[in-house]
Amino acid sequence: THQEERLDMSWYSEYNMTSWSYSHYSLALQCLRKYKLVCVDKLEPEGLESSDLGFGTALHAGINDVLAGVDAISTFTLHWQALEGTMSYTRYNHEALGSMGVEFLRKFEKLHAKKYIVQKAEQRIYSSYKGVKIEGTPDFIGLYEGRPSLRDYKTSSTNYAKEKIPSSLQLNLYAYLAQKELGFTPETLGYDVFNKGLGSIQHLTRDFSEKIMLTHLHAMLDYIEMMDKQKTYPKNVNNFMAYNKPCDFFNICFPKEEK
């Protein structure tokens, strides 16, 4: 049970940490040493940015323009052209992803945009939970199908499982931020998944639960308290990243003599 008194988070200053976002926390769950290298030491992997990330960023800009009633195709195309030559590609090349983004935006505008009434889009929100500073950027705050909703846009090669929303710390963290700082309490939370494999748009929506939101926030706080008590970054406290599983920071996280 968490008390309301402020936690001793003095180690934030020592490591130049200011606030927890969903991406920082999920990285810490994967591997604490990798978290330190990325979020504290500010190291970046060598090589080109993933086209998945670049495509998601460009598509987000286009979706926002669709909902704002401006030329989304031009926005996406200009953004995507500017990224050419700066990314690494896997399944789809630059031209294929560009065509896919245009088709997604046309389909979204024609079939889905009328379901959304935007109040806030991509606004960074800062707050705290029981002494721990947190922050996040919800993609969409407003009305979805006539109900107050908080939603996040995703690009993926597959559809999401239906049970993903109640178990999503990301959406529940955003809900807390919106509730506390903007006075906005959603009735629903949702993901809009732009499936590159099928060329389809999946909408997942669940009723918002205050109880589930607090359960997620308490679990996050438990983990941060554990880190604070250790005063260090163990190489891998939860064995998520097996020693034979590659990642961008694998050789930095686990020197040869430790493998």
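Residues numbered from 1 in each chain as written. Predicted model: local features only at pLDDT ≥ 70, side-chain atom pairs only at ≥ 80, totals over all residues. Heavy atoms only, no water.

Read across the sheet, 5 strands follow the order 3-6-7-8-9 without closing on themselves; strand pairing throughout is mixed. Looking at the sheet topology across the chains shown, the edges are occupied by strand 3 (116–120) and strand 9 (200–207). Strand-to-strand twist of the sheet, defined as the mean angle between neighbouring strand axes without regard to direction, takes the value 35°. Pairing analysis gives 5 bridges linking strand 6 (residues 140–144) to strand 7 (residues 147–156), with the strands arranged antiparallel. Residue Phe140 lies in a different strand from strand 7, and its bridge partner there is Arg151. Relative to the sheet, helix 4 (residues 51–68) contacts strand 3, strand 6, strand 7 and strand 8 (188–195), its axis offset from that of strand 7 by approximately 145°. Along the sheet face, helix 7 (residues 169–182) touches strand 3, strand 6, strand 7 and strand 8 and points at about 140° away from the line of strand 7. (Pairing = 2+ DSSP bridges. Helix = DSSP H or I, 4+ residues; strand = E, 2+ residues; numbered from the N terminus. Axes fitted to C-alpha atoms, helices over the stretch in contact; angles between N-to-C directions. Contact = heavy atoms within 4.5 Å.)

A word on the nonpolar core. Within the largest apolar cluster, 37 residues are counted, with the highest numbers of intra-cluster contacts made by Trp20, Tyr35, Ile134 and Met220. When contributions to this core are tallied by element, the ones reaching two or more residues are helix 2 (22–30), helix 3 (32–40), strand 4 (125–129), strand 5 (132–136), helix 7, strand 8 and helix 8 (210–230). By size, the runner-up hydrophobic cluster in this structure holds 24 residues, among which are Phe55, Tyr92, Met100 and Phe140. (Core = buried A, V, L, I, M, F, W, Y, C linked by side-chain atoms within 4.5 Å. Buried < 20%, exposed > 50% of the residue type's maximum accessible area, 1.4 Å probe, protein only.)

Quick look at the side chain of Ser149 now. Here Ser149 is to be found in strand 7. Judged by relative accessible area, which is 0%, Ser149 ranks as buried. Within polar-contact distance, the side chain of Ser149 engages the side chain of Thr188 at 2.8 Å. (Polar contact = N/O pair within 3.5 Å; in protein donor to acceptor, adjacent residues only side chain to side chain.)

Before going further, it helps to examine the confidence of the model for the protein chain. When the pLDDT values of the protein chain are averaged, the result is 83; 79% of them are 70 or greater. Confidence, read as mean pLDDT per element, is least for helix 1 (residues 11–14) in the protein chain (46) and greatest for strand 6 (98). Ignoring residues within four places in sequence, the model shows residues 11–16, a span with pLDDT below 50, making 15 contacts including any to other chains. Segment residues 235–245 is flagged for pLDDT under 50; beyond a separation of four residues in sequence, or across chains, it makes 30 contacts in the model. (pLDDT = per-residue confidence, 0-100.)

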